[in-house]
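One-letter residues, chain by chain:
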Amino acid sequence: MQVEDTMGFRGIAGRLLLLLALALTPLLAGLDAGDCEFHMEVLALASSQETWFRQQADPGTWVLPTWNGAPRVNKPPLVVWINLLSWTGLPPDTPVETLIMRARYVAAGAGLLTLLATLWAGASLGGSRLGFAAAAVLATTLLFVRQVRLASYDTYLMAFTALAVASGLWTLHTDQPGWRRLCGWLLAGVALGAAVLAKGPLALLLVGAPLLGLTLFTPRHRQQWPGFLLMFAVAAVVTLPWYFFILHHIPEAGNRMATEFIADRKVSKPPWYYLGLLGLVLPWCLWLAAGLWEGLRRRMEFRSALIWFLAIFLLLSLHEAKQQRYIVPILPAASLLIALAWLQPGRQRLGNIQAGFMGVSALAYGVFGAGQPWLLAHGLLKRPELEQ
């Protein structure tokens, strides 16, 4: 379903401005509220603030973030470094609400990067129309809007893994000269390195597995292996200096980092746990099902998006540690599948069903939201304990 690009610069610029207008309102509204409640956002901001205070007295302490006076090696430092940059020039007595607001605005910028990476991936698979459609779907997806409003590790992991896979997708599908494909793999490597420094080595799998599958299904795939390996080499150059530094200065760092990959849960989540969370792609649930079905029929564009989707879904489902936020790197791939299904001819009936579904859902959500105090007061609804 390669869509021919007939838009000129004005058409592309107009759609880009429309996309930004669509995305910025939910991303930026209310970010100045100091209601920092989500566990991982609290940890990221607390470590950033403590390191920021230490940096006032010793400018070299930014290299190794701390929390509660101890080196914070459980997570890599990039998110803390980004927060420190966003607080540049602020006095030490700056209100914590201002620190939270600045960090969240930068995280919203990472959300915009995710949208642009999704647009690029879609344009590489099916032209600019598919790219803009996929980005618009992502910008209006419940889980995406919820996540990118948090200055947390997973927000940046999603952004950098999306950019790495999008760059790899472009490289695998482009007819550009060899040096441009080389630049594509170099960018993928830098983005992969940033993803590792944002949350850890898991990013190697979240990027490597989809691109490995896509490379195997690419014509002349043997010619792509040098670039694929180059991506990991560049990522190693970006990430290994910091890991060597902390392993040299903190002997127990290796054991402490290993705890990040051990599920410490009283009740382990079943392998199918994330199937239920796919409902958080509201209001696009029906279209995701349609996109997955089309992908199984092996249409070329659908197949590429499906490989990206399934690689992440299976990797995360096999591990015992499962949280809602862990699934967010799958959202760009899900948006591509949804957009591909949406743009398929002959989908008017499903479109009518979707319109009815969205209308009923909007009405039900409004009634439910307005009636929550009454339901809670009469014991008909229990106050939820949100998973952090």
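All of the points below concern the structure found in this document. Note that the structure is a prediction, hence the values are computed from the model and not measured.

### Concerning the overall build of the chain
On a plain count of helices and strands, the chain comes out with 16 helices and 2 strands. Put simply, 77% of the contacts in the chain that link residues at least 6 apart link residues at least 24 apart. In the structure as shown, the chain presents an accessible area of about 18,900 Å², 66% of it carried by carbon and sulfur atoms.

### Section: a nonpolar patch on the surface
A contiguous nonpolar surface patch, about 320 Å² in accessible area, is contributed by Leu-16, Leu-17, Leu-20 and Leu-116. Looking at the nonpolar patch element by element, the count peaks at 3 residues for helix α1 (residues 9–28). Position of Leu-20 among the secondary structure elements: in helix α1.

### Quick notes on the pattern of salt bridges
Should the charged atoms of two oppositely charged side chains come close, the side chains can pair. As enumerated under the stated definition, the model contains 3 salt bridges in all. In this structure, Glu-41 and Arg-104 form a salt bridge, with 2.8 Å as the shortest nitrogen-oxygen distance. Of this pair, Glu-41 sits in helix α2 (residues 39–57) while Arg-104 sits in helix α4 (residues 96–126), and the two are 63 residues apart along the sequence. In this structure, Glu-41 and Arg-104 share a single accessibility class: buried. Where Asp-154 meets Arg-325, a salt bridge forms, and the shortest distance between an N and an O atom there is 3.3 Å.

Thresholds applied
Residues numbered from 1 in each chain as written. Predicted model: local features only at pLDDT ≥ 70, side-chain atom pairs only at ≥ 80, totals over all residues. Heavy atoms only, no water. Helix = DSSP H or I, 4+ residues; strand = E, 2+ residues; numbered from the N terminus. Contact = heavy atoms within 4.5 Å. Areas by Shrake-Rupley, 256 points an atom, 1.4 Å probe, with all protein chains shown as cover. Patch = residues over 30% accessible without salt bridge, like charges linked within 9 Å, V, L, I, M, F, W, Y side chains within 5 Å. Salt bridge = Lys/Arg side-chain N within 4 Å of Asp/Glu carboxyl O. Buried < 20%, exposed > 50% of the residue type's maximum accessible area, 1.4 Å probe, protein only.

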